[in-house]
Amino acid sequence: MRAHALKESANHKIEKMLLSSMDADGDPCEDYYQYACGKWGIFHAVENKYHEAISLVDHFTNKEIARYFKFMNREDKPSFVLKAHDYFLSCRNLDIYEPLEYLRRLNFYENLNLNWSYHRRRLGVKFDWLRALAVMRKYGLNGIFMEEITLQRNDDATATIIDLDKPVKNGGFHLTDYDDLKLLIQTLRRPMHRKSFKELWDQISAFEFRLKRLDLLDDPEGNILIKVKDLPMPWLKRYLELLIDQLNPEMEISIQNKPYLQKVFKLINEYEPRFISKYLEICFLWHLNVEGPPNFTLEDCAGSTRTLMPYAMHWLFEQMHPELVTEMEEIHKMFQQLINHFSDSLKNNTNNFDYEQLQFLLNKLSNIQLKIGNLPRVNTEEKLNVFYKDLAMNPFDFYGNHLKLLKFNTQTMHKRLNYRIPRDVDEFFYLEGSEIGFSSSPYFVQRANVVIVPVTSLQLPIYHPELDDIFKYSSLGFLLAHEIIHGFDYTGLGVDYNGNLNNPQFEGLANNTRFGRKMHCLRYLNPTIIDEKIADVSGLRLAYETYFKIHPEARGQIRYMHGRPYGLEKVFFLNFSQFFCGPVSNTLVDTKEHGLDRDRVRDALKHLDEFSTVYFCPRGSKMRREKTCQLWRR
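As recorded in an unreviewed UniProt entry, the protein chain goes by the name Peptidase M13 C-terminal domain-containing protein, listed as coming from Glossina palpalis gambiensis.

Attention now goes to the side chain of Arg559. Relative to the helices and strands, Arg559 resides in strand S8 (residues 558-561). Polar side-chain contacts of Arg559 include one of 2.8 Å to the side chain of Glu15. Other than its neighbours up to four places away in sequence, Arg559 contacts Asn11, Glu15, Asp468, Ile470, Phe471, Arg564, Pro565, Tyr566, Leu568 and Val571.

Along an α-helix, a turn takes 3.6 residues, which lines up residues three or four apart on a common side. Among the 10 residues in helix H22 (residues 476-485), 10 count as buried, and that is most of the element. When H22 is considered as a whole, its buried residues turn out to be Leu476, Gly477, Phe478, Leu479, Leu480, Ala481, His482, Glu483, Ile484 and Ile485.

This part takes up the domain arrangement of the protein chain. One can read the domain layout of the protein chain as domain 1 (10-50 + 323-376 + 417-615) and domain 2 (99-291). With 14 residues of domain 1 at the contact, the number on the domain 2 side is 18 residues. The contact between domain 1 and domain 2 buries some 1,300 Å² in all, and 50% of this surface belongs to carbon and sulfur atoms. Per-residue buried area on domain 1 facing domain 2 is highest for Leu417, Ile421 and Arg447; these three make up 49% of the total on that side. For the pair domain 1 and domain 2, the interface holds zero salt bridges.

As a further point, take the sheet that holds strand S6 (residues 443-445). Read from one edge to the other, the open sheet built from three strands follows the order S5-S7-S6, with strand pairing classed as mixed. Taken across any chain shown, the strands that pair with only one partner, and hence form the sheet edges, are strand S5 (369-372) and S6. On average, each strand axis in the sheet is inclined to that of its neighbour by 25°, with strand direction left out of account. Strand direction decides the pairing type here: S5 and strand S7 (residues 450-453), joined by four bridges, are parallel.

Turning our eyes to something else, we now look at the pattern of salt bridges. All chains considered together, the criterion is met by 33 salt bridges. Here Arg598 makes a salt bridge to Asp31, at a shortest N to O gap of 2.7 Å. Separated by 567 residues along the polypeptide, Arg598 in helix H27 (residues 597-606) and Asp31 in the loop between helix H1 (2-21) and helix H2 (32-37) bring together distant segments of the chain. The exposure class of Asp31 is buried, given its relative accessible area of 18%. With a shortest N-O distance of 2.7 Å, Asp603 and Lys533 are connected by a salt bridge. Here the residue Asp603 occupies a position in helix H27, and Lys533 occupies one in helix H25 (residues 530-550), the gap between them amounting to 70 residues. Across the pair, Lys533 and Asp603 agree in class, each one buried. When salt bridges that share partners are traced, they join Asp31, Arg598, Asp599 and Arg602 into one network.

Let us look at the environment of Asn107. Summarising the element assignment, Asn107 is placed in helix H6 (residues 100-110). On the basis of relative accessibility, which here comes to 15%, the residue Asn107 falls in the buried class. Within the structure, the side chain of Asn107 is placed 3.3 Å from the backbone nitrogen of Leu112, a separation counted as a polar contact.

Moving on, we get to empty space enclosed by the protein. Applying the stated rule across the entire model yields nine cavities of 30 Å³ or more. When its volume is computed, the largest cavity comes out at roughly 70 Å³. Together, Ser345, Leu346, Asn349, Thr350, Asn351, Phe353, Leu358, Leu361, Trp632 and Arg633 line the largest cavity. Of all the secondary structure elements, the ones that give two or more residues to the lining of the largest cavity are helix H16 (328-348) and helix H17 (355-366). Within the lining of the largest cavity, the residues separate by chemical class into five nonpolar, four polar and one charged. Tallied by class, the residues present in the lining of the second largest cavity amount to four nonpolar, three polar and two charged.

Scoring rules and cut-offs
- Residues numbered from 1 in each chain as written.
- Predicted model: local features only at pLDDT ≥ 70, side-chain atom pairs only at ≥ 80, totals over all residues.
- Heavy atoms only, no water.
- Helix = DSSP H or I, 4+ residues; strand = E, 2+ residues; numbered from the N terminus.
- Polar contact = N/O pair within 3.5 Å; in protein donor to acceptor, adjacent residues only side chain to side chain.
- Contact = heavy atoms within 4.5 Å.
- Buried < 20%, exposed > 50% of the residue type's maximum accessible area, 1.4 Å probe, protein only.
- Domains from an automatic or database assignment.
- Buried area = accessible area lost by both parts, 1.4 Å probe.
- Salt bridge = Lys/Arg side-chain N within 4 Å of Asp/Glu carboxyl O.
- Pairing = 2+ DSSP bridges.
- Axes fitted to C-alpha atoms, helices over the stretch in contact; angles between N-to-C directions.
- 1 Å grid on protein atoms, 1.4 Å probe; cavity = no way out; pocket = protein on both sides within 12 Å on 5 of 7 lines; lining within 4 Å.
- Points joined across faces, edges and corners; volume = space filled by probe spheres on them.
- Nonpolar A, V, L, I, M, F, W, Y, C, P; charged D, E, K, R; others polar.

Dropping the structure here:
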């Protein structure tokens, strides 16, 4: 009886959400996003600042964790949970945000000469901007002057290597915003006259204008693999020596955009070291502002803990929800159903690939692994205790804790330079940056050939153990399919099942006339995010076809939702769209990685022939195309 009641409750909630989000006056054949999502903001009025399903799930996750931490009994908890709790408490115990406290601690920890941490101008102080840059990189600052990351080697996906490049992440180097600078200066609580602020702004603007122009430099050599001792730019070698403990001069690193790196060093040295130091301090303080809690509420502090100690929080959330752990087997079955259907589609070989190309695709598909919860699954608690053993948190020192965690995460990344990434998915766990650690969105680790589903995503409106399959496949099923297809998008086709780059196979696939024509068709939708368009369009088709293959009787069936009849095909499309629904004020929210949510819904559906058939869309309507783009059509 109780299970039946839960099933009714979960399904009832989804049905209510679907009907309440719809704009019944909208025309599904003209703008399906408006039709399916037009009243989402009214239904979710309390959470109106959250612009789609994932941010809504994260909001509820943060509330739940904050409530748990607020009343947590510390007895019998693993040490890593206690450390996460101490960070959370230090966040909550902060009365007034004083960002200069960061610089004072940084000066104490690193003996670094800084401008803003002192009231008076100090005479005779030498400012070493390169050392300041390296020290601040240790605490997470990146993409200022250059970008330093670790990535997997082209020839060996189990080994990582340092890569030095111009700023490229998130669209490259971003100019300082006037209002952001004004806000930051105000938080420093140092009186600055309007004239002085204008002088500072003019200096920064002029410097960044010249910095941004360097982005236009060509890179004729491309990626260069070189040993540290052979670096042609001594300043880069010194930077690495300051950044990496016990740097091995024989270690190979990757360099990209060498002309940029040469010019940026020359440009910086045209300016006084004091100005460059002050500029770096401003960038660092803004970085800490972005990477810290927005307003130090209970939910903000919980979210910050998730961001900075993701594995501890993954483990804790699983302990809070044992029912989700028992559900993992069912999700693996769903994943395998999607794999099986995609395999059948590939074997149908509508693109006329040759035998070797087809085997390459099938081999890669059969080796994709699913990982639910980004944790090592062998001796998990013991391994997390070891992972976090060097951390010491103080429940009354937020600034110190925040800096320690930022440094810990950077050092962990560098430690993987001497670490072989395991092939076994139970041993493997992905090093999460802040944008991943905070998010419940599933993602695909390209070079590991692994789809990772955070356990926090396994809750309404995305998933519930008792939901009917029509809701499971149209939501989580689509997300799984989307990530599977990332292994077969424009970028994914250049990587084999071992995670190694495979240019010959990629060129062979791309030169296939029929396949190339389909790729061009999809590229036309949005050339800057072709991979996401492929994953949306092909992922929706994969999830849709898999569900109706498993449930052939569902075609043409009617589901009564609150007394209103809807064909199951329409229910599928409505629930798929819910993942992207948001308030009207956020319908134009764009991300450089994925594009507009409105466009994602419309593009995916208009390129699925079944959609316009189900809704009887007439010729000439916006949601019906006479020729649809499908890269992986059965």
